[in-house]
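Fold and geometry: a report
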Amino acid sequence: MLNCKQATALMSQGMDKKLGLWRQTSLRIHLMVCDGCRNFNKQLQFLRAGLRRFPHRNG
Amino acid sequence: MENELISFRSDMLKFAWLQLRDESSAEDAVQETMAAVLIGKQSFGNRAQLKTWVFAILKNKIVDIIRERARFSSTGAALEEIPENAYDDLFDERDHWNADTRPSAWGDPESSFSSQQFWKIFEICLTRLPENTARVFMMREMLDLDTEEICKELAISPTNCWVVLHRARMALRLCLDDRWFNAGDRDAEL
């Protein structure tokens, strides 16, 4: 079972490469039971969206 | 076209500075971009399209400068800027979130994109990232290079590259959480 610290590292790594099946599955299970990590995951996606948008922020 | 280019100048300089952390290099990148745009003489239907094109050129100029620099210096420093234990306090002895650091929902964060104040905070948080960490992170997220390219350009191992990216994300997330999404008084931060 993953702990939250490991899960955050995997989520972050998942932003940069495709995780292996085993890691993907362990992460999915962890996210099912951990709302803190679910929020963390959404926040990582949001950071990326914000960074992509940053140059165009003033229209 | 000239007027529009000038109106983008300050955003371009900020964008370049965040990645190069050096005013004269940022200025070079911006001026070269402006020259390339004027020489290109392409016509654009609207301002947004022009801005997208200008920033695409600027990104290439920034990558060129980073490549040039990487030849002369080692950027292994990124790994030491945020220490390994920097975020240990967020987790308990079993490495699960502590009650008071467990990430809370940010609601509908995309609605912040229309707030000028949000972007100011966002920029403050990016500026607070240590220099080399910021460079690796921006290459990934703003220049959209993949980690393989970044490792190669900066001559760091893929593992170290991911560690740096992860720490940068932790730092940026905490900063936005603290100064915007869970800030008691957002104005106090500006």
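Residues numbered from 1 in each chain as written. Chains lettered and ligands numbered in written order. Predicted model: local features only at pLDDT ≥ 70, side-chain atom pairs only at ≥ 80, totals over all residues. Heavy atoms only, no water.

This next bit is on the overall build of chain A. Each helix and strand in chain A was counted, giving three helices and zero strands. Expected size for 59 residues packed as a compact globule is a radius of gyration near 10 Å; at 13 Å, chain A overshoots this value by more than 25%. Its C-alpha atoms put chain A at 45 × 25 × 15 Å along the principal axes. For chain A, the residues scored as buried account for 53% of the 59 residues in total. Considering only contacts within chain A whose residues lie at least 6 apart along the sequence, 50% involve residues at least 24 apart. Approximately 3,100 Å² of chain A is accessible, and the part contributed by carbon and sulfur atoms is 56%. (Helix = DSSP H or I, 4+ residues; strand = E, 2+ residues; numbered from the N terminus. Rg over C-alpha atoms; globule rule 2.2 N^0.38 Å. Buried < 20%, exposed > 50% of the residue type's maximum accessible area, 1.4 Å probe, protein only. Contact = heavy atoms within 4.5 Å. Areas by Shrake-Rupley, 256 points an atom, 1.4 Å probe, with all protein chains shown as cover.)

Under the 1.5 Å per step criterion, the end-to-end length of helix α8 (residues 158–181) of chain B is 32 Å for 24 residues, consistent within 8% with the ideal 34 Å. The buried fraction of α8(B) is high, at 18 of 24 residues. (Expected span 1.5 Å × (residues − 1).)

Further remarks concern the interface of chain B and chain A. Taken residue by residue, the interface counts 43 residues in chain B and 34 residues in chain A. Interface of chain B and chain A: buried area, both sides summed, is about 3,600 Å²; carbon and sulfur atoms make up 62% of it. Sorting the residues of chain B by area buried against chain A places Trp119(B), Trp162(B) and Arg169(B) first, and these three jointly supply 17% of that buried surface. Our count for the chain B to chain A interface comes out at eight salt bridges. We note a salt bridge from Asp16(A) to Arg140(B), for which the minimum N-O separation is 2.6 Å. Between chain B and chain A we count 17 residue pairs in polar contact (both at pLDDT 80 or more) in total. (Buried area = accessible area lost by both parts, 1.4 Å probe. Salt bridge = Lys/Arg side-chain N within 4 Å of Asp/Glu carboxyl O. Polar contact = N/O pair within 3.5 Å; in protein donor to acceptor, adjacent residues only side chain to side chain.)

Here we come to a nonpolar patch on the surface. All names here are of chain A. Residues Met1, Ile29, Met32 and Val33 make up a contiguous nonpolar surface patch of about 530 Å² in total accessible area. Residue placement: isoleucine 29 occurs in helix α2 (residues 21–33). Note on isoleucine 29: relative accessible area 41%, which makes it partly exposed. (Patch = residues over 30% accessible without salt bridge, like charges linked within 9 Å, V, L, I, M, F, W, Y side chains within 5 Å.)

Let us look at the state of the cysteines. Residues and elements named next belong to chain B. With the rule as written, the count across this model stands at one disulfide over all chains. One disulfide bridge connects cysteine 125 with cysteine 175, the sulfur atoms lying 2.1 Å from each other. One quick way to see it: the torsion about the S-S bond of cysteine 125 and cysteine 175 is about -80°, and its sign makes the bridge left-handed. Here the residue cysteine 125 occupies a position in helix α5 (residues 116–128), and cysteine 175 occupies one in helix α8, the gap between them amounting to 50 residues. Classification of cysteine 125 as buried rests on a relative accessible area of 2%. (Disulfide = S-S within 2.5 Å.)

Let us now look at the environment of Phe181(B). Within the fold, Phe181(B) resides in helix α8. Residues contacting Phe181(B), with those up to four places away along its chain left out, are Phe46(A), Trp106(B), Pro109(B), Ser112(B), Phe118(B), Leu176(B) and Arg186(B).

Within the secondary structure layout, Cys34(A) lies in the loop between α2 and α3 (35–53). Cys34(A) gets classed as buried once you look at its relative accessible area, which sits at 5%. When the C-alpha atoms of Cys34(A) and Asn3(A) are compared, they prove to be 9.7 Å apart, with 31 residues separating the residues in sequence. Excluding residues within four positions of it along the chain, Cys34(A) makes contact with Cys4(A), Trp97(B) and Arg102(B).

When its volume is computed, the largest pocket comes out at roughly 460 Å³. What lines the largest pocket is a set of 22 residues, among which Lys5(A), Ala9(A), Val163(B), His166(B) and Arg167(B) lie closest to the centre. At the level of secondary structure, the elements contributing two or more residues to the lining of the largest pocket comprise α1 (4–14) of chain A together with α8 of chain B. In terms of residue class, the lining of the largest pocket is made up of seven nonpolar, seven polar and eight charged. (1 Å grid on protein atoms, 1.4 Å probe; cavity = no way out; pocket = protein on both sides within 12 Å on 5 of 7 lines; lining within 4 Å. Points joined across faces, edges and corners; volume = space filled by probe spheres on them. Nonpolar A, V, L, I, M, F, W, Y, C, P; charged D, E, K, R; others polar.)

Distances and angles like these do not, on their own, reveal function.
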